[in-house]
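Fold and geometry: a report
As a plain string of letters, each chain reads:
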Amino acid sequence: MKLSSMSFFQLASQRMQWLGASQKVIAENIANADTPGFKARDVSSFAELVDGARTGGVTTTHAAHITGGGHSGGVRVTSDDRAWENSIDGNSVVLEQQTLKANEIGENYQLAAQLYGKGHQLLTLAVVGQR
Amino acid sequence: MDALKSIGAVAASGMHAQGERLKVVAENVANADSTGDSPGADPYQRKTLAFEELIDRDSGASMVRITALGRDQSPFGRDYDPAHPAADAEGFVKTANVNPLLEMSNMREASRSYEANLNMFEAGRRMRGQVLDLLR
């Protein structure tokens, strides 16, 4: 039994992957909060990651089929066009905004990790009959 | 290197850069009254530094590094003090081009940014801890 093939675990681990990548981008933004000319960055939406993994370009039914060039469900780094302001040195990172996002991501990560753990508990319950 | 690991490295590079900036501020404030020791000699010249984005080769993460450690080219101040060893023929002493107000606000910003990076480090650590908790 592969845990990742069960959609529940796959979704939870994708969510954690996406949140980890987002948190990394926030860390980069904060580290470069005083770098002249640095533009705040963001990542592509979680929905895009899930859809990309599901369709994965073209479905193949034979080994000789070309897999197609659809994006493989990775997380893209984009420029953050919702940054609150631009400072005089061309830097668009706002520490408050980034801190807000970092907190939000931290909470969501905890949620995803706990869900993953809950899934394990359910499986254990089904197999052993006790927790 | 995965995302969670590089969060710590990125935050640490930010902390290092802000720490260096704080050091330069401390040097400037400490030398705010340093003058030359011979008649007409130049006093302490304010130090400056700039930040630059640095792409880490291992992880592809964008870190920050210090570039262009330099000296402030703005003109020195002039004080009338004929008894001073650095006084020129007219009795004027050149004083350092350090503005304490500017240095203080610079210091505030550096320590706030340092704090933000520290929080980021902590957030990354917590997330890694949650993954490890899955093993329990």
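Residues numbered from 1 in each chain as written. Chains lettered and ligands numbered in written order. Predicted model: local features only at pLDDT ≥ 70, side-chain atom pairs only at ≥ 80, totals over all residues.

**Details of the overall build of chain B**
The criterion, for reference: In DSSP terms, a helix is any run of H or I states spanning at least four residues, a strand is any run of E spanning at least two, and both are numbered starting from the N terminus. Each radius of gyration is computed over the set of C-alpha atoms, and the globule rule expresses the reference value as 2.2 Å times the number of residues to the power 0.38. This entry defines residue contacts through backbone-placed C-beta atoms, with two residues in contact when those atoms are within 7 Å.
When its secondary structure is counted, chain B shows two helices and four strands. The linear arrangement of helices and strands in chain B, starting from the amino end, is α-β-β-β-β-α. Taken against the 2.2 N^0.38 rule, which gives 14 Å for 136 residues, the C-alpha radius of gyration of chain B at 22 Å runs more than 25% over that of a compact globule. Taking the principal axes of its C-alpha atoms as reference, chain B extends roughly 80 × 25 × 20 Å. For chain B, restricting intrachain contacts to residue pairs at least 6 apart in sequence, the fraction spanning at least 24 positions comes to 65%.

**Some remarks on the packing of helix α1 (residues 3-30) of chain B against helix α2 (residues 100-133) of chain B**
Residue and element names in this part refer to chain B. Basically, it comes down to this: In this analysis an axis means a line fitted to C-alpha atoms, helices contributing only their contacting stretch, and an angle means the value between N-to-C directions, from 0 to 180 degrees. Oblique is the label for every angle not falling under 35 degrees (roughly parallel), over 145 degrees (roughly antiparallel), or within 65 to 115 degrees (roughly perpendicular). Helix crossings are classified by the rotation of the near helix relative to the far one: an anticlockwise turn of less than a right angle makes the crossing left-handed, while a clockwise turn makes it right-handed. Three classes are used, and their members are as follows: Ala, Val, Leu, Ile, Met, Phe, Trp, Tyr, Cys and Pro are nonpolar, Asp, Glu, Lys and Arg are charged, and the others, Gly among them, are polar.
Running from N to C, α1 and α2 point in directions that differ by 160°, and their axes come no closer than 8 Å. Classed by the angle they form, the pair α1 and α2 counts as roughly antiparallel. As for how α1 packs across α2, the hand of that crossing is left-handed. Tallied by class, residues from the contact of α1 with α2 come to 16 nonpolar, 10 polar and four charged.

**Topic: the interface of chain B and chain A**
It is common to report an interface's size as the accessible area lost on association of the parts. Taken together, the contact pairs 30 residues of chain B with 24 residues of chain A. Within the residue set of the side of chain B that touches chain A, elements represented by two or more residues are α1, β1 (47-55), β2 (62-71) and α2 of chain B. Taken together, the residues of the side of chain B that touches chain A break down into 16 nonpolar, nine polar and five charged.

**Notes on the packing of helix α3 (residues 95-128) of chain A against α2 of chain B**
Axis separation between α3 of chain A and α2 of chain B bottoms out at 10 Å; the angle between their running directions is 10°. With respect to α2 of chain B, the axis of α3 of chain A lies roughly parallel. Contact residues: Leu95, Thr99, Ala102, Gly106, Tyr109, Gln110 and Ala113 of chain A in α3 of chain A; Ala116, Asn119, Met120, Ala123, Arg126, Met127, Gln130, Val131 and Asp133 of chain B in α2 of chain B.

**Looking at the nonpolar core**
Inclusion rule: Connectivity within a nonpolar core runs through C-beta atoms within 7 Å, and the core itself is a set of buried Ala, Val, Leu, Ile, Met, Phe, Trp, Tyr and Cys residues. Burial in this document is a count-based property: other C-beta atoms within 10 Å of a residue's C-beta are tallied, and the residue is buried at 20 or more, exposed at 12 or fewer, or partly exposed in between, with C-beta positions derived from the backbone.
The biggest cluster of nonpolar side chains holds 40 residues, and the ones touching the most others in it are Ala27 of chain A together with Val10, Ala11 and Met120 of chain B. Where this core is concerned, the elements lending two or more residues are α1 (7-31) and α3 of chain A together with α1, β2 and α2 of chain B. Looking at this core, the element that brings in the most residues is α1 of chain A, giving 10 residues. Those residues in contact with valine 10 of chain B that lie beyond four places of it in its chain are Lys24, Ala27, Glu28 and Ala31 of chain A together with Ala61 and Met63 of chain B.

**Considering the confidence of the model for chain A**
Basically, it comes down to this: One number per residue, pLDDT, summarises how confident the predictor is, and it ranges from 0 to 100.
Overall, the predicted model of chain A reaches an average pLDDT of 80, with 79% of residues at or above 70. Scored below 50 in pLDDT, residues 69-73 of chain A shows 12 contacts in the model against residues more than four places distant or in partner chains.

**A word on the environment of alanine 89 of chain B**
On the secondary structure map, alanine 89 of chain B appears in the loop between β3 (77-80) and β4 (92-95). Here the alpha-carbon distance between alanine 89 of chain B and proline 39 of chain B, two residues 50 residues apart in the chain, equals 7.7 Å.

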